[in-house]
Amino acid sequence: MNKINHIAIIMDGNGRWAKNHGVDRIEGHNAGVKAVRKTIKACKKFNIQYLTLYAFSTENWKRSKREVTGLMSLLSSFLDSTLDELMESDISLRAIGQLDSLPYIVKKKLNSVIKKTKNNKSGVCCLALSYGGRAEIVDTTKKIAQLAKDNKLKISDIDEDLFSQNLYAPDIPNPELIIRTSGEFRISNFLLWQLSYSEFYISDILWPDFDEEELKKAIDNYNARNRRFGGREEE
Ligand code: IPE
Ligand code: IPE
Ligand code: MG
């Protein structure tokens, strides 16, 4: 049986959930936050060490000012209220993305929760915020170019390992499984480097309705697969 160390989730469908319930999109995002809390707990229960949640993409800045502001304020209140839960469940918070473009207050709260949960050992919850896979690759390239310019490395030192070591969170392993909710078959600029050999699971459930049972289905489905990484199945 395959062991999953890291699950990454594209949490999609909050807007459609809101529409189905005849409420404002922000209410859909609010319901989405509840699903986030449930999913963090469920991952701990299933012994998943790393959970990366795609919460806001570099492209999501294109949404209406009202929606972006609503999302940032939800993020801010999530950070306020989640600290106790993370401490209690011994989970550390991390973040990847162009974090400097987040509002000052969100950045401040984010850094504070990251700092306070730093030594928690039972799991890692990594939020992808203002995150784009292409932006991460470009930012990584800039970092490496600067190192080369400063004579800290030679061009011939650049390989896949060195590139991986300069990503936003180099210590977090690649996800074995990526889940996207709401039935969409798209990667939407998520973890482009890290997903090269991840297994995909598409759930028809809209993100606010995602729960432990649906997570278990995705894990069971993954565990029934054969991963060959371009090689041959072992006999
Ligand atoms: C996902 O839900 C949450 C974010 C992208 C922030 P959406 O807001 O994309 O929901 P749909 O796709 O419109 O249903
Ligand atoms: C992807 O969902 C981003 C997040 C879940 C944060 P989107 O709803 O933004 O993606 P598209 O527009 O369907 O590709
Ligand atoms: Mg969407």
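For every chain, the first residue of the written sequence is number 1, and numbering continues from 1 along that sequence. Ligands are numbered from 1 and chains lettered from A, in the order in which they are written. Owing to the predicted nature of the model, reporting of local features is limited to residues with pLDDT of at least 70; listing and counting of side-chain atom pairs is limited to 80 or more, with chain, interface and lining totals taken over all residues. Values reported for side chains reflect all heavy atoms of the structure, with hydrogen atoms and water molecules removed beforehand.

Focus: the site of ligand 1
- The near set for a molecule or strand comprises every residue that places at least one heavy atom within 4 Å of it. Around ligand 1 sit 13 residues in total, of which D12, G15, R16, R25 and R63 are the nearest.
- We define a polar contact as two N or O atoms separated by no more than 3.5 Å, with the added condition that, inside protein, one atom must be a possible hydrogen donor and the other a possible acceptor, whereas residues neighbouring each other in sequence contribute only through side-chain atom pairs. Within the side chain of R25, one N or O atom sits 2.9 Å away from an oxygen atom of ligand 1.
- For ligand 1, an oxygen atom lies 2.7 Å from a polar atom in the side chain of R63.
- Methods summary: accessible areas were calculated by the Shrake-Rupley approach with a probe of 1.4 Å, and residue burial reflects only the protein chains presented. Coverage of ligand 1 by the protein chains reaches 85% of its 380 Å² of free accessible surface.
- Helix and strand definitions follow DSSP, with helices as H or I runs of at least four residues and strands as E runs of at least two, each counted in order from the N terminus. Broken down by secondary-structure element, the contributors of at least two residues to the shell around ligand 1 are helix 1 (14-20), helix 2 (25-45) and helix 3 (65-88).
- For the shell around ligand 1, the leading source of residues is helix 1, giving 3 residues.
- Each residue gets one label: Ala, Val, Leu, Ile, Met, Phe, Trp, Tyr, Cys and Pro are nonpolar, Asp, Glu, Lys and Arg are charged, and the others, such as Gly, are polar. Of the residues contributing to the shell around ligand 1, the split by class is 3 nonpolar, 5 polar and 5 charged.

A few points about helix 4 (residues 104-116)
- Here the expected length of a helix is defined as 1.5 Å per residue gap, with one fewer gap than residues. The terminal C-alpha atoms of helix 4, which comprises 13 residues, lie 18 Å apart, in line with the 18 Å expected from a rise of 1.5 Å per residue.
- Type-normalised accessible area, obtained with a 1.4 Å probe on protein chains alone, sets the label of each residue: buried when under 20%, exposed when over 50%, and partly exposed for intermediate values. Listed as buried for helix 4 are V106, L110 and V113. Buried residues of helix 4 fall within an arc of 70° about the axis and therefore sit on the same side. Opposite its buried face, helix 4 presents the exposed residues Y104, K115 and K116, each directed more than 90 degrees away.
- Close packing links the buried residues of helix 4 with helix 3, strand 3 (91-96) and strand 4 (123-131). The directions considered for the arc run from the helix axis to the C-beta atoms. Contacts are residue-level and defined by heavy atoms, with any inter-residue pair within 4.5 Å sufficient.

Observations concerning the pairing of strand 2 (residues 50-57)
- In terms of burial, strand 2 is largely enclosed, as 7 of its 8 residues are buried.
- Two strands are said to pair when DSSP picks up at least two bridges between them. Across 5 bridges, strand 1 (residues 6-10) lies against strand 2 in parallel orientation. When the bridges of strand 2 are listed, I7 appears paired with L51.

Regarding the sheet that holds strand 2
- Spatially, 6 strands are ordered 3-4-2-1-5-6 in an open sheet, and the strand pairing comes out parallel. Because the sheet does not close on itself, it has two edges, and the strands there are strand 3 and strand 6 (199-202). The sheet shows a mean angle of 20° between the axes of neighbouring strands, taken without regard to direction.
- Here 7 bridges tie strand 2 to strand 4, and the two strands are oriented parallel to one another. When the bridges of strand 4 are listed, Y54 appears paired with A128.
- Along the sheet face, helix 4 touches strand 3 and strand 4 and points at about 140° away from the line of strand 3. To get an axis, a line is fitted to the C-alpha atoms, and for a helix only the part in contact is used. The angle between two axes follows their N-to-C directions and goes from 0 to 180 degrees.

So, the site of ligand 2
- Lining the immediate surroundings of ligand 2 are I10, M11, D12, Y54, A55, F56, N60, R63, R180, R186 and S188.
- The separation between an oxygen atom of ligand 2 and a polar side-chain atom of N60 is 2.9 Å.
- Here R63 contributes a side-chain N or O atom positioned 3.2 Å from an oxygen atom of ligand 2.
- Here ligand 2, which alone exposes 390 Å², has 76% of that area covered by the protein.
- With 3 residues, the single largest contributor to the shell around ligand 2 is strand 2.
- Among the residues making up the shell around ligand 2, the classes are represented as 5 nonpolar, 2 polar and 4 charged.

Notes on the pattern of salt bridges
- Any Lys or Arg side-chain nitrogen located within 4 Å of an Asp or Glu carboxyl oxygen qualifies as a salt bridge. Taken as a whole and assessed by the stated rule, the structure comprises 16 salt bridges.
- We note a salt bridge from D12 to R16, for which the minimum N-O separation is 3.3 Å.
- Within the structure, one salt-bridge network assembled from shared partners comprises D12, R16, R180, E184 and R186.

Concerning the packing of aromatic side chains
- When two rings of Phe, Tyr or Trp (its six-membered ring) have centres within 6.5 Å they constitute a pair, described as stacked for plane angles under 30 degrees, edge-to-face for angles over 60, and tilted for the intermediate range. Enumeration over the complete set of coordinates arrives at 8 aromatic pairs.
- Pairing Y54 with Y131 gives two aromatic rings, centres 6.0 Å apart and planes at 80°, and the pair type is edge-to-face. In this pair, Y54 is assigned in strand 2 and Y131 in strand 4, connecting sequence segments 77 residues apart. Comparing Y54 with Y131 shows no difference in burial state: the two are buried.
- Here the aromatic rings of W207 and F210 are separated by 5.0 Å at their centres, their planes lie at 20°, and the arrangement is stacked.
- The exposure class assigned to F210 is buried, which follows from its relative accessible area of 0%.

By themselves these figures say nothing about function.
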